Structure formats: C-alpha cells, structure tokens
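Here's the letter readout for the chains.
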Amino acid sequence: MRARSRLAVLLTVLAAFITGAAPAASARAEAEHTYRIPHTAVMDGARLHRTKVRLEHGDPRLQRAVEVLRGRADGWLGQGPWTVVDKPRPAPSGDLHDYLSQAPYWWPTKTPSPENPWGCPYVQRDGERNPEVDSGTDRQDVEKTFDSAYDLSLAWYYTGDARYAEKAGQVLRTWFLDPATRMNPNLNHAQFIPCKYDGRAIGIIDFSQSYTSVLDALALLESGAPGWTAKDRRGMAHWNTAFLDWLRNSDFGKQEAAATNNHGTFYDLLLAGLAYATGDRELARRTVLDARHKRIAPQIAADGSQPQELTRTRSWHYSTFTLVAHARLAAIGRNAGVNLWTYQGPERESLFKAVGYLLPAATGAAAWPHPELQFRRYAATDVVHAAADAGDRRAQRAVPSLEEPPGGDLWLLRPAAEQLDSIAG
C-alpha cells in the first residue's frame, strides 16, 4: 500500500473515532495490517516492518526477492497438511501423537529378517545418513511443516495474500492443535536407535533451529493474518509453554543443556526462543548472557576455528551449522537487549572470528582445508550475512562474493541465519 493510501486509511479510522461512528471493518483491518509490528523472537520485527514499507514503495531488489518467496509459498499451497499420527507405527511409547525420529548416522549390520526385523545391532557411521530414517518416522513431515509455515507466513506478511496465511494456519493447527492430529509437546522419542535406545537427548536438535523459525512464523500471523484466531493463539501459547516446561525439566532436556558441543548451543537457542516467545524475557536474556562463557569461549579457538567440528567427516557443514545456532541465539539476544557479537573470550574468541575463519572458503578465495564429504560453499552465506549486519567489516566486504543458495538468497526478507545445506545431501 502506498503512503497516500495508508494515510487515507488512518484518516478514515480517525474520523470515525471523532464522530463516534464505528470505522468500516475493512479500514480497521487494513490499518492494523499495515502498522502492527510482529513480535518475532529471532528476526527483528521492526526491521521486517521497515522492509515491508520499502517493498510497498517499489524497492526493485525487494520485489525480486518477494517473487522468489512467492514461488516457494505457491509450492506449498497444494501440499500437506502433515500430522504426527501418519507414521506407520507409533513411537516406543505406543502413542502415535508422540514425535518419532531415527538417528541418522546409525546403520544395521544384518539383513532384516522375521526374527530380526530391524537388522540389529546398529553401528555408527559418522556423516553417512541412513536412508531408512526418512521413512517410517516423523522427520520429513515435521520439516515440511516447519518450512511451509515459515515460507507461507512470510509470504502473507509481505504480500497480504490471504491464501498464504490460511494455508499456514491449516498446517500449524493440524500438527500442533487439532486433538485428532496434534503432536504431544515432548521429544521423548527423537533420534531413537532400533534395538538400542527408545529416544535420546540429542534428538532435541531435530527442533532446535527450525522450531525457532516457527516461533517467528507465529509472530507474523499474530500481527493480523486472516483466519488466525484468538483460539489459535491461545492454543499455540499453551503448547509452547508445555514444550518449554518439558525442555527445562525433562532428563533429556537437562542432558542436552549440559552438552559442551553444538548440541548445547542449539539447546540454548531453542530454550531462549521459547522463553522469549512465551513472555519470559528474563530467561531468554539470561540464556544468551550465559552462552558467552558456556558456548562461545569453549567452542571457538583463538584463531576462530571450531576444533570439535573440524574433527567431523562433514567439518564444513558442522562449522557453518553450529554458527547458525550462535547467530540465531545472538539475534534473540538483540531482541532481549544483549549483544553477543561483541563478546570476546579469554583468548579473544568471538563469533566474528569464527565467521572470519570461514570467509576464504565462503567467498571461493581458498579451498576448505579440512575433511568434508560434500562441500557446499553456500552453506556459509547466511552466517556471513549475519556477521555483516552485526558490523563486521570483513564480512561486509565478503557479501558480494558469497554463493547464492539454491532457491535464491532471501536474506533481505528474512534476516535470520538458516542451515542452507542439507545433511541429507
């Protein structure tokens, strides 16, 4: 909507207020839609609002990006919704409403038989994904749920096309709210290993990045999306509160909180995101503050490398992946009044240094000198964007040389780091 038409809407509402008449519903809705800033947890809601205004004034770069976003959203309109109860067999609890995923790097050692249907025992092959984890569990469906809700909510926010909001609402209600299809708010059976573990604490990472995107999608819908009702808002608030309680107080949550590698960082990301979204801003702030000495200093070396990730067979993937968690946690910190980017550890360890360590490979200036089964340069694109936005000059200079990820670079529309390469290959 152009500035003149926005002014006309506001004048209509103001005139109705002065005369005591009720403004037309369309005028009220349009005014609210135009000016309500989303209370996002990771993304900067005020920045999104400014971007929307620039788009309405015809910014050509943003218009091109929105067309890419529309393409993604259009692709979701004919898919789903998905549900946790569609898997062929329930989680070990026996409840189809419990989320179930399988450990990706564990493989059977024997041919399945009637006596040994899983082919047990299973052994670990780091970085090599067992294709059976994508069948028979909820992993692929939850990823589609999260990705579609995010794309559709963003598309509605920037275009005002009600189809996108209505589809996002259907997807979210089906997975989280409808009694017949809802997921129970726990991850008791995430990343189970057949014949070995019914679930593992490290399975929390299944939700750690992507669910914080859902929190932002909810905030976008709550800024005035058609079809997203007060009942929906209450239902998701209750689900998120119960999930946060499970995350903080379950044995799995406590184990993951104590992890010293990327799992601990991703746990903090999910904890801080849920805390911020449910109104516990002090818990969110404290979690980000504690990450300085609990996550950054121990995980990042003085030269910016991440030693624990460099030992992996997918060292590039995990170096960028872990920085996604740090960058998103820093974004929540920004919303909570904490600047995580400026922190330096005892040996001057910092997020800026960690991103700087990636820049030669990220820009194509040098080869990545560590083991990597499938190097994808664009995996670092978002974390470099995040560092550049936070004021790092080396990252700012590197931005023009970054590789565009498949499907286009949408940083201008959703400035929050994402895992751009799939570990599934």
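Since the model is a prediction, treat every value here as computed from it, not as a measurement.

Quick word on the nonpolar core
Next, step 1: With 113 residues, the main nonpolar core has F207 and Y211 as its most contacted residues.
Next, step 2: Sort the elements by how many residues they give to this core and helix α14 (residues 315-336) lands first, with 12 residues.
Next, step 3: In contact with F207, not counting residues within four places along its chain, are Y99, V142, F146, M183, L187, T212, F243 and L270.
Next, step 4: Judged by nonpolar contacts, the second largest core, of 5 residues, contains A103, C120, Y122 and I193.

Observations regarding the layout of surface pockets
Over the atoms, a rolling probe the size of a water molecule traces out where space has been left empty.
Next, step 1: What the second largest pocket holds in volume is close to 450 Å³.
Next, step 2: What lines the second largest pocket is a set of 19 residues, and nearest its centre among them are R61, H385, D409, W411 and L412.
Next, step 3: Residue assignment for the lining of the second largest pocket shows that the elements contributing at least two residues are α4 (60-77) and α16 (381-389).
Next, step 4: When the residues that make up the lining of the second largest pocket are grouped by side-chain class, the tally is 9 nonpolar, 3 polar and 7 charged.

With respect to the pattern of salt bridges
Next, step 1: The tally for this structure, following the rule as stated, stands at 20 salt bridges.
Next, step 2: Residue R129 is joined to D134 by a salt bridge in which the shortest nitrogen-to-oxygen separation is 2.9 Å.
Next, step 3: Taking relative accessible area as the criterion, R129 reaches 19% and is therefore assigned buried.
Next, step 4: Beyond isolated ion pairs, a larger network of salt bridges with shared partners links R70, D74, D161 and R163.

Considerations on the state of the cysteines
Next, step 1: Overall, the coordinates contain 1 disulfide when judged by the stated rule.
Next, step 2: Note that C120 is cross-linked by a disulfide to C195, the S-S spacing being 2.0 Å. The disulfide joining C120 to C195 has a torsion of about 70 degrees about its S-S bond and is therefore right-handed. One end of the pair, C120, is in the loop between β2 (106-108) and β3 (122-124); the other, C195, is in the loop between β4 (189-192) and α7 (205-208), and 75 residues separate them in sequence.

Focus: helix α6 (residues 162-177)
Next, step 1: Under the 1.5 Å per step criterion, the end-to-end length of α6 is 21 Å for 16 residues, consistent within 8% with the ideal 22 Å.
Next, step 2: On the buried face of α6, the contacting elements are α4, α5 (139-159), α8 (210-221) and α9 (230-249).

A closer look at empty space enclosed by the protein
Next, step 1: Evaluated as defined, the whole model comprises 1 cavity of 30 Å³ or more.
Next, step 2: Approximately 30 Å³ is the volume found for the largest cavity.
Next, step 3: For the largest cavity, the full set of lining residues is Q299, Q306, Q308, E309 and T322.
Next, step 4: Looking at the lining of the largest cavity residue by residue, the classes come out as no nonpolar, 4 polar and 1 charged.

Quick word on the confidence of the model for the protein chain
Should the pLDDT be low somewhere, the predicted coordinates at that spot are not to be read in detail.
Next, step 1: On average, residues of the protein chain carry a pLDDT of 91, and 91% of them reach 70 or more.
Next, step 2: This stretch, residues 1-33, has a pLDDT under 50; its non-local contacts, to residues over four places away or in other chains, come to 33 contacts.

Some points on unusual backbone geometry
Next, step 1: Residue P81 follows G80 across a cis peptide bond; omega there is 0 degrees.
Next, step 2: Put simply, C120 and P121 share a cis peptide bond, and its omega is 5 degrees.
Next, step 3: Of note in the backbone geometry, C195 takes a positive phi value of approximately 65 degrees without being a glycine.
Next, step 4: Relative accessible area serves as the criterion here: at 57%, C195 is assigned to the exposed category.
Next, step 5: Its identity as a non-glycine residue notwithstanding, R348 has a phi of 65 degrees, on the positive side.
Next, step 6: Positionally, R348 belongs in the loop between α14 and α15 (351-362).

Definitions and cut-offs
- Residues numbered from 1 in each chain as written.
- Predicted model: local features only at pLDDT ≥ 70, side-chain atom pairs only at ≥ 80, totals over all residues.
- Heavy atoms only, no water.
- Core = buried A, V, L, I, M, F, W, Y, C linked by side-chain atoms within 4.5 Å.
- Buried < 20%, exposed > 50% of the residue type's maximum accessible area, 1.4 Å probe, protein only.
- Helix = DSSP H or I, 4+ residues; strand = E, 2+ residues; numbered from the N terminus.
- Contact = heavy atoms within 4.5 Å.
- 1 Å grid on protein atoms, 1.4 Å probe; cavity = no way out; pocket = protein on both sides within 12 Å on 5 of 7 lines; lining within 4 Å.
- Points joined across faces, edges and corners; volume = space filled by probe spheres on them.
- Nonpolar A, V, L, I, M, F, W, Y, C, P; charged D, E, K, R; others polar.
- Salt bridge = Lys/Arg side-chain N within 4 Å of Asp/Glu carboxyl O.
- Disulfide = S-S within 2.5 Å.
- Expected span 1.5 Å × (residues − 1).
- pLDDT = per-residue confidence, 0-100.

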